[in-house]
Amino acid sequence: MKIEQKQNIFNLGIFVTWKCTGSCDNCLSLCGTYQAPSKEDMSLDQIQKLIDQSVELNYQWKMWALGGGEPSCHPQIKTIIEMLAKYKNSHNPLLNLVLSSNGYGDKAKEIISYAQKNGFNIANSQKDYNNLKICKI
Ligand code: SF4
């Protein structure tokens, strides 16, 4: 039996940082202690380049999802949230902006709230002290 797979080239995951408050052994982003943890962040220039090229091409993105790692670990995450919200409001009002967070700790909760105020939908995997090490899937 042939299984058809359609590519979706209108949804984009933006992995803004590889830092995380968790270290789950089965992390799909390879952030776990025994995987390939990294402290690398995306720069604001990289985010701006994505926005500029999207505007230039008038590209009709349907969804941008901020992820990582844990996005709230990025030192400039509020600025990134503002940049994406501004792009949506100015150029692509139907764009679904999503923040994917593990929801763990005060900082993550603060950023979730900030993203919601800026029009983001939230995907919160609701990690806590008991399941940060190994994610429940
Ligand atoms: S909380 Fe998420 S991103 Fe962080 S290590 Fe666990 S699975 Fe990976």
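Residues numbered from 1 in each chain as written. Predicted model: local features only at pLDDT ≥ 70, side-chain atom pairs only at ≥ 80, totals over all residues.

Chemist: How should I be thinking about the sheet that holds strand 2 (residues 63-67) in this particular structure?
Modeler: Adjacent strands of a sheet pair through backbone hydrogen bonds, lying either parallel or antiparallel. Strand order in the open sheet made by the four strands is 1-2-3-4, with parallel pairing throughout. The outermost strands of the open sheet, each flanked by one partner alone, are strand 1 (11-15) and strand 4 (121-124). Strand-to-strand, the axes of this sheet are offset by a mean angle of 20°, without reference to chain direction. As paired strands, strand 1 and strand 2 are joined by five bridges and run parallel to one another. When the bridges of strand 2 are listed, Gly13 appears paired with Ala65. Taken strand by strand, helix 3 (residues 105-117) contacts strand 3 (96-101) and strand 4, and its axis lies near 175° from that of strand 3. (Pairing = 2+ DSSP bridges. Helix = DSSP H or I, 4+ residues; strand = E, 2+ residues; numbered from the N terminus. Axes fitted to C-alpha atoms, helices over the stretch in contact; angles between N-to-C directions. Contact = placed C-beta atoms within 7 Å.)

Chemist: Is there a simple way to explain the packing of helix 1 (residues 44-57) against helix 2 (residues 77-91) in this structure?
Modeler: Two packed helices can be described by the angle between their axes and the distance between those axes. At a minimum axis separation of 10 Å, helix 1 and helix 2 run at an interaxial angle of 5°. Looking at the two axes, helix 1 sits roughly parallel to helix 2. Contacts between helix 1 and helix 2 involve Leu44, Ile47, Gln48, Ile51 and Val55 on the former and, on the latter, Thr79, Ile80, Met83, Tyr87 and His91. Among the residues making up the contact of helix 1 with helix 2, the classes are represented as seven nonpolar, three polar and no charged. (Parallel < 35°, antiparallel > 145°, perpendicular 65-115°, else oblique. Nonpolar A, V, L, I, M, F, W, Y, C, P; charged D, E, K, R; others polar.)

By themselves, these figures tell us nothing about what the structure is for.
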